[in-house]
Amino acid sequence: MEHQPPADDVVVQVSAAAVAAIDERSSTNDDDDAGAGDVCRARRTFSHSYKMEHRKPLVRIRAVPDLEPRKLIDISDLLMRPIDYAVRGRRWQDFTWLQVGVLSYQSLGIVYGDLGTSPLYVFSSVKLPNPGEDDFLGILSLILWTLTLIGLIKYTFIVLRADDHGEGGTFALYSLLRQHVNFKGSMPMPVTRLASDINLKFHSKKSKLPSKMREFLEKNTLAQAVITYMVLCATSMVMGDGALTPAISVLSAVQGIQTRSDRITQGTVVIFVMLFTTGLMSVNMVIVWQWHILLSALCFGVFFSIEGIYMTSLLYKVLQGGWVPFVITAFFLSITTSWTYGRRKKNEYEAANLVDRQEFLKIVTVSRKVPGICIFCTDLMNGIPPIVRHYVRHTGSIREVMVFVTVRILPVTFVLPEERFLVDKLDHVGVYRCILQYGYMDKHNIDDDDFVVLVVASLKEIAENNDETLLLDSAFTNGTTFVFGRTILKMGSGQNRFKRFVINNLYRFLQKNFRSNMSSLKIAPGKTLQIGMHYEI
């Protein structure tokens, strides 16, 4: 006989967030040693057997004042309401041929505006004694062939094949590579891969054909670091060039200034970005597009040779003012590397100081239970974070339901609402883990109340019995508290002076001006509790 809900319950129809099955030792980061005892068994990871399914089970939550009793609610609507996705509008199939033509015509003006100014820079910078008609024709020929080989063949016919669901450019090349190759180790931008990632809607499907290049990259962390730093340098150079291009355009238009000064030079970093793009393009040819390695090597050799000639011809301008964009690049790159280095040291400290199983069981047994839900915001996907130890030390109590929430930014454009949550149940009753997944183009704008409703609905899907469901009901009606850790890193005198400066000064300054990923939940101040933690590294 089907269980009938009490009169004051609300029947909730869930368009289910995907559920991750539990696997004691499964992880794509195969760095853990087997047989590490109970401590390792407490650090559960998400299973390789997880599959995306669009199920609609019925779960029940107790009525709250702003909901009418016995009202059928589709929780997927609660998630879709605050998140303004433009996913459908990004598909080319949804555009008519007329719309595609109009958009192409509009984008042509933007591209032509950029291409039209480049020849002006070239003509004004070429200095020949007594130039004749043949000289000008030669310069024009170089311009036309360069635009044909680099602009048309390389970028239009090859680079634009790197379509990450509407996103392109250097970052799209890198994101596609990250989707096909498991980057691990002490990466500047680490992403813990789960076996379920391949099932995401906007994750490009990995080819089943074996690739020696992919195997080499997955085993060689140095090559992964080189590729990542290439992308960081290219991104910083684009920002540095963008800061100077408007000023250069204005000065180039003023011919009087040009005739009085020979030291007005172009932004010189663009050619280096083109070289980095050629390298990423060649790797994508082999791994993502499954081109033959000889064809990829041929393309790399041709384009790298052409761009290398241009690069060497511009080196003399570095000492004539061309160093300015490199300084701007170094500034942005120092910010990025300092932040990623500090985050890596923070994660390493927390991973080394996890609350082990015996200590956690003691905390749960001894501490006073308080009704409600406590959401601990942490960067760790596995294990009990040190913030629990600090929380109990300051409050002397725990909530009847504890959820460890980690925001995970994936190298994909979007994550669908039904793919947003991954949930897991830890050893003790009332202790759960939740992974909140976003793509790099997603808007992080879920309200805190909607977030709690969705988390509770997802947790009920993995409830083992009616008592556990009643526990979640009771905790939900008694309110939720979000616990944040405000960590302060301090590197001791045992490290070298430069590392101490990066951690104790640069990273600390950036940390004070950085918004956490959980701040996107729009949490009311009255529901938050911030705990200061001091990490000696």
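J.: Explanation requested: the overall build of the protein chain in the structure shown.
T.: Within the protein chain one finds 16 helices and eleven strands. Relative to its full complement of 537 residues, the protein chain shows a buried share of 44%.

J.: Sorry, what's going on with helix α12 (residues 357-366) here?
T.: It helps to recall that an α-helix has 3.6 residues per turn; residues three or four apart then point in one direction. Along α12, the positions that sit buried rather than exposed are Phe-360, Ile-363 and Val-364. Seen end-on, α12 carries its buried residues on one side only, within an arc spanning 95°. Exposed positions of α12 whose direction lies more than 90 degrees from the buried face are Gln-358, Lys-362, Thr-365 and Val-366. Those residues of α12 hidden inside the fold are in contact with β6 (368-377), α13 (387-395), β7 (397-410) and β9 (431-439). A distance of 3.3 Å separates the backbone nitrogen of Gln-358 from a side-chain oxygen at the start of α12, and that oxygen is part of Asp-356.

J.: Mind showing me how you'd approach the packing of helix α14 (residues 448-461) against helix α15 (residues 466-477) here?
T.: The angle between the axes and the distance between the axes are what describe a pair of packed helices. Following both chains from N to C, one finds α14 and α15 inclined at 170°, their axes separated by 10 Å at the closest point. Compared by their axis directions, α14 and α15 come out roughly antiparallel. Each of Val-452, Val-453, Val-456, Leu-459 and Lys-460 in α14 lies in contact with α15, whose residues at this interface are Thr-469, Leu-472, Asp-473 and Phe-476.

J.: Sorry, what's going on with the environment of Asn-465 here?
T.: Mapped onto the elements of the fold, Asn-465 is located in the loop between α14 and α15. Residue Asn-465 is classed as partly exposed on the basis of its relative accessible area of 40%. Among the polar contacts listed, one links the side chain of Asn-465 to the backbone nitrogen of Glu-468, at a separation of 2.8 Å.

J.: Got a minute to help me understand the sheet that holds strand β8 (residues 421-425) in this structure?
T.: Strand order in the open sheet formed by six strands is β8-β9-β7-β6-β10-β11, and the pairing between neighbours is mixed. Only two strands of the sheet have a single neighbouring strand rather than two, namely β8 and β11 (528-536). On average, each strand axis in the sheet is tilted by 25° relative to the strand beside it, whichever way the strands run. Two strands pair when backbone bridges link them, and strand β10 (residues 480-490) and β11 are joined in this way by nine bridges, in the parallel orientation. If you follow Val-483 over to β11, its bridge partner there is Leu-529. On the sheet, α13 packs against β6, β7, β10 and β11 and is oriented at approximately 115° with respect to β11. Sheet contacts for α14: β6, β7, β8, β9 and β10; angle to β8, the most-contacted strand, approximately 50°.

J.: Sorry if this is basic, but what is going on with the pattern of salt bridges here?
T.: Oppositely charged side chains are able to pair whenever their charged atoms sit close together. Tallying each qualifying case throughout the model produces 14 salt bridges. Arg-344 is the salt-bridge partner of Glu-348, the closest N and O atoms lying 3.5 Å from each other. Taken together, the residues Glu-348 and Arg-344, both in helix α11 (residues 323-352) and four residues apart, mark about one turn of the helix. Judged by its relative accessible area of 38%, Glu-348 falls in the partly exposed class. In this structure, Lys-460 engages Asp-473 in a salt bridge whose closest nitrogen and oxygen atoms are separated by 2.3 Å.

J.: Please explain the nonpolar core as it appears in this structure.
T.: As a rule of thumb, soluble globular proteins bury nonpolar side chains together. If you look at the biggest cluster of nonpolar residues, it comprises 32 residues, and the most contacted ones within it are Leu-177, Leu-217 and Ile-287. At the level of elements, α4 (133-158), α5 (170-180), α7 (221-253), α9 (270-287) and α10 (293-314) are the ones that each hand at least two residues to this core. No other element matches α9, which puts ten residues into this core. Not counting residues up to four positions away in its chain, the partners in contact with Leu-217 are Val-181, Ala-223, Gln-224, Ile-227, Val-283 and Ile-287.

J.: I'm lost on the packing of aromatic side chains in this one. Help?
T.: The geometry of an aromatic ring pair is captured by the separation of the ring centres together with the interplanar angle, meaning the angle of the planes. Enumeration over the complete set of coordinates arrives at twelve aromatic pairs. With a centroid separation of 6.0 Å and an interplanar angle of 90°, the aromatic rings of Tyr-174 and Phe-183 are classed as edge-to-face. Accessibility classification places Tyr-174 together with Phe-183 in one group, the buried group. Relative to Phe-414, the ring of Phe-202 has its centre 5.7 Å away and its plane inclined at 65°; by these criteria the two rings are edge-to-face. With Phe-202 in the loop between α5 and α6 (212-219) and Phe-414 in the loop between β7 and β8, this pair connects stretches of sequence that are 212 residues apart.

J.: How do you make sense of unusual backbone geometry when you look at a structure like this?
T.: With glycine set apart, most residues show a phi of negative sign, and most peptide bonds adopt trans. Phi is positive for Asn-130, which is not a glycine, with a value near 50°. In the Ramachandran plot, Gln-290 falls in the positive-phi region, its phi being about 60° despite a non-glycine side chain.

J.: What exactly am I supposed to notice about α4 here?
T.: Between its first and last C-alpha, α4 extends 35 Å over 26 residues, near the 38 Å set by a 1.5 Å rise per residue. When the local axis directions of α4 are compared, the greatest deviation, roughly 30°, occurs at Leu-152. Residues Ile-139, Ile-143, Ile-150, Lys-154 and Ile-158 constitute the buried set of α4.

Rules of the game
Residues numbered from 1 in each chain as written. Predicted model: local features only at pLDDT ≥ 70, side-chain atom pairs only at ≥ 80, totals over all residues. Heavy atoms only, no water. Helix = DSSP H or I, 4+ residues; strand = E, 2+ residues; numbered from the N terminus. Buried < 20%, exposed > 50% of the residue type's maximum accessible area, 1.4 Å probe, protein only. Arc of directions from axis to C-beta. Contact = heavy atoms within 4.5 Å. Polar contact = N/O pair within 3.5 Å; in protein donor to acceptor, adjacent residues only side chain to side chain. Axes fitted to C-alpha atoms, helices over the stretch in contact; angles between N-to-C directions. Parallel < 35°, antiparallel > 145°, perpendicular 65-115°, else oblique. Pairing = 2+ DSSP bridges. Salt bridge = Lys/Arg side-chain N within 4 Å of Asp/Glu carboxyl O. Core = buried A, V, L, I, M, F, W, Y, C linked by side-chain atoms within 4.5 Å. Phe/Tyr/Trp six-rings, centres within 6.5 Å; stacked < 30°, edge-to-face > 60°. Expected span 1.5 Å × (residues − 1). Bend = angle between axes of the 7 residues up to and from the residue.

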